[in-house]
Amino acid sequence: MTARAKLTVYSALATALAALCLTPLLTTKGWITHAFLVVAVIAAAGAGLRRTPFYRWTVPVGQLAVLFLLLLVGFAGDGALWGGLVPGPQSLRTLDHVLSAGLDDIQEYAIPAPPNAGLRLILVSSVGLIAIVVDAVAVTYRRSALAGLPLLALFSIGNGLAGTGGSWVWFALAAGGYLLLLFAEGQDRISRWGRVFRGSSRNSEGSGTLSLGGQRVGVLALALALLLPAFLPRWDFGLIHANGRAGAAGGLGGGAVTTLDPLVTLASNVARSSNDELLTYTMDGSLADTAYLRTGSLDAFDGTEWKLSGPGTADLRETLPVPEGQSDLNVPSVQGEFRVSDRLDSAWLPMPYPARSVTVPRFSDWKLDTLTGSVLPAKDKPNAIKGLSYKVTALDVRPTATELRQAGPVPAKVAERYTELPKDLPPVVREQALAVTKNASTTYDKALALQDWFTGPGFTYTTAIKGGSGNAAIETFLRDRKGFCVHFASTMAAMARSLNIPARVAVGFTPGEAKGADRYLVTGLMYHAWPELYFQGYGWMRFEPTKSRGVEPRYTDPVAAPATAPTQQPTAVPQNTAPVPVPSSSGDCDAKLRRTGDCGDERKAAAGAGAESWLLSGQVLGTFAGVLVLIALLLTPMVWRTLLRRRRLGAGGRRRPGGDGPGELTDAQVLAAWDELIDSAWDLGIPPDESRTPRSAARRIAETAELDETSAAAAGRVALATERVLYARSAEVAAPLAADVRTARDGLRAGAKRAERVRAVLLPASSAKLWWRMADAVLAARLAGRRRVGRVTGAVTGPVRRAWGKLRRGGRKPS
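We now turn to the structure provided with this report. Sequence positions are assigned chain by chain, starting from 1 and proceeding in written order. Where local features are concerned, this predicted model is filtered to residues with pLDDT of at least 70; where side-chain atom pairs are given and counted, the filter is 80 or more; whole-chain, interface and lining totals use all residues. Hydrogens and water are ignored here; the side-chain numbers use all heavy atoms of the structure.

**A look at a positive patch on the surface**
Item 1. There is a patch of like positive charges on the surface, built from Arg4, Arg51, Arg56, Arg143 and Arg646.
Item 2. Helix and strand definitions follow DSSP, with helices as H or I runs of at least four residues and strands as E runs of at least two, each counted in order from the N terminus. Tracing the chain through its elements places Arg4 in helix α1 (residues 3-19). For patches, a residue must show more than 30% relative accessible area and have no salt bridge; joins then use 9 Å for like charges and 5 Å for nonpolar side chains, namely Val, Leu, Ile, Met, Phe, Trp and Tyr. Throughout, the Shrake-Rupley method with a 1.4 Å probe supplies accessible areas, and for residues the shown protein chains are the sole cover considered. Salt bridge, as used here: a side-chain nitrogen of Lys or Arg that lies within 4 Å of a carboxyl oxygen of Asp or Glu. Only four residue types enter the tally: Lys and Arg on the positive side, Asp and Glu on the negative side, with His and both chain ends excluded. Charge positions are represented by NZ for Lys, CZ for Arg, CG for Asp and CD for Glu.

Next up, the structure:
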């Protein structure tokens, strides 16, 4: 491997190792494989471009074009032509849309963020740009030491954004890749001094000291960088704080963290289906067994997502405001004591709804959303919930179906805010909502019809699909009728708004698993989302459209009597006659988990669906394979011509030590040199003329290309040696011809235009011989196959024909 090839490989390896520090930024790591493929293709493109006669600055420009093409194919394939291989007119608009969505996601999501296409585009393109810079600095301009700057920038940004997700392992890998790059360049510089003698003398010992010494210094510096920080004090100032997390700043006024985006974070947690303990609580009263723990409510829908868009936040006080829409209700209250584990480190405060009071150790660590009643951590305390112990007092509001049917009219201000829909909402949302509720007259009956339709036999619960709550996700969910709680909740809320029913999406947890003595356990399997619909006098009431998940409220049974006791089982829906999955009978699945649908094969399927993969999808891998095959086909003529030239010139420059004369060239070596001269002229626009003698052909080349005297004389010597081989009785060529061929070739290139020189490298005309050879090989194979088939056929049919001839002769009558 040449020194430049080693530098190319090591620069790509250094970039790939440094990019590993970005893996904690997303919940899944499959995107890193995509980034590695992009780095490999960029390195290969740079290696090819450096073999052309272009200026050095054109190499990174060409690599940028390759990166742009890869991004179009990988992230805007919907607008591509020819099976996704060639970007079409729509690709640029699609890529711009994906990039815009990614920039919005940066402002909305906490780390680790969900692997949305926009975020993956930003990460992959960033790694690709760093790869181009490192390759240009280290390989194209041979300044490997400066290549550490872009690598350091990549590591610093990735490790700083990861926060507590960073690790010394990422630094060790990034620094190791940089050291390999420096070692490769050092060996190249030493080799330019001349051949290093490696004998047993004192000089040979000293010659190896330089290389070994440099390696020892590099390894020692890396070891000190890893070990020394353990003995130094920590400083908590700087651009990125130790307790900060990317995406944890900004949001609504009042100093609250609002960019955690509970709905998308919840979708990611649902897909992973972790059984880790998140919190425990004790609660008295009848509400405990069916109480959902709401962390927040998302009231605005812009067509892209459901999000929180209240007027602002206020300081949290022990007594909470009366929830929106509730009148003075004579209902009992329940007390709950909650303790959060260390595994829940960035979330809003889980509470049963509607809560009337809350007690936390430090009220300054929390803010209250004045519209939805959500309790959010303060900006400077994004992890305030970690290990938190708090108390909540909530109301046990359980109206009957009759009371909800008779609810008063919705105030105009509430209707205006909570029925707003984007202008580009797919028409199928309202059309389906009208079709489902065509026989319902009241708001309650319409809400119940929607819930029953979702829990009916037409829908399937699965986490093995992409999350999302925007227009596209809702339209896909209504078409395929497959999804999980985020899809069910966001779609029912949008359909309710299309019917002028105020609705919003709540997120949190289903009721905890009963552990006895009024104690309940909440795990990662209980992440959930559900819609809340507004009823005047009662406020926001929970509905449960998600099939086989959660507990349906008692008031969703239209014939139920007023509740005087807690609901211990989910209400049966008469319209739903779909078969119910049989729960597992294992000992670790109690009645609570069976009721919420968290047992049996379904939980295993969810866990399997949430497993992270480091592999790309078949479509992306197929696209990359097609691109690589296309690049290989385009480079085949150039590579074949380069290898052939090296073999010919090497043959023309070596003498035969055992020949007839002292050191003369063989006939094959002389003819190889002549073929190289003819093909070099052909590549530069002078086609061969088989009717001419070698000297006449050389004279024609010299006149056509207007060669200088030195180049013309070199071509004449090659022609004279060829004629001696072809026509003389005894040909002795003592001088090597490789130098003459190179001299003549340099003269041809000097007189050619730039376009002709570029074409001679990328698409050499003499490469037609390769296709001729391939065609001859195919023809020979076909002829050989026919002969083989003929022999086999003759061996089989020969005895039959001979036997038939004997029978015919034996059957003739004697004349």
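**A closer look at the environment of Ala43**
Item 1. Turning to its location among the elements, Ala43 is positioned in helix α2 (residues 30-49).
Item 2. On a C-alpha basis, the gap between Ala43 and Ala5 in space is 9.8 Å, while along the polypeptide they are 38 residues apart.
Item 3. Note on definitions: a residue-residue contact is assigned when non-hydrogen atoms from the two residues lie within 4.5 Å. Once you skip the residues sitting within four places of it in the chain, Ala43 turns out to touch Thr8, Ala12 and Arg50.

**Side note on the packing of aromatic side chains**
Item 1. Within 6.5 Å between ring centres, the rings of Phe, Tyr and Trp (the latter by its six-membered ring) count as paired, and their orientation is classed by plane angle as stacked under 30 degrees, edge-to-face over 60, tilted in between. A full pass over the atoms with the stated rule returns 19 aromatic pairs.
Item 2. With centroids separated by 4.8 Å and ring planes inclined at 15 degrees, the aromatic side chains of Phe301 and Trp306 adopt a geometry described as stacked.
Item 3. Burial classes follow relative accessibility: with a 1.4 Å probe on protein chains only, a residue under 20% of its type's maximum area counts as buried, one over 50% as exposed, and anything between as partly exposed. On the basis of relative accessible area, Phe301 is assigned to the buried category, the value being 6%.
Item 4. Their ring planes at 70 degrees and their centres at 4.9 Å tell us that Phe477 and Phe488 sit as a pair that is edge-to-face. Placement of the pair is Phe477 in helix α14 (residues 471-480) and Phe488 in helix α15 (residues 485-498), with a sequence separation of 11 residues. For the pair shown, Phe477 and Phe488 are each scored as buried.
Item 5. A network of ring pairs unites the aromatic residues Trp453, Phe454, Phe459, Phe477 and Phe488 as a single cluster.
Item 6. Criterion for a charge above a ring: Arg CZ or Lys NZ at most 6 Å from the ring centre, at most 35 degrees from the ring normal. Sitting above the plane of the Tyr292 ring, Arg542 keeps its charged end 3.8 Å from the centroid.
Item 7. The positively charged end of Arg549 is found above the aromatic ring belonging to Tyr461, 4.3 Å away from the centroid.

**Examining helix α19 (residues 667-683)**
Item 1. With 17 residues, α19 should cover 24 Å at 1.5 Å per step; its first-to-last C-alpha distance of 24 Å lies within 8% of that length.
Item 2. Across the 17 residues of α19, 13 count as buried, placing the element largely inside the fold.
Item 3. Positioned one or two residues after α19, Gly685 has a phi angle of 100 degrees, which is positive. Helix span is expected to be 1.5 Å times the residue number reduced by one.

**Observations concerning helix α20 (residues 694-705)**
Item 1. Over its 12 residues, α20 runs 16 Å from end to end, which matches the ideal 16 Å to within 8%, given 1.5 Å per residue.
Item 2. Every buried residue belonging to α20 is among Pro694, Ser696, Ala697, Ala698, Ile701, Ala702 and Ala705, and all of these are buried.
Item 3. Buried residues belonging to α20 abut α19, α21 (709-727) and α22 (738-751).
Item 4. Two residues or fewer past α20, Glu706 is found with a positive phi of approximately 55 degrees.

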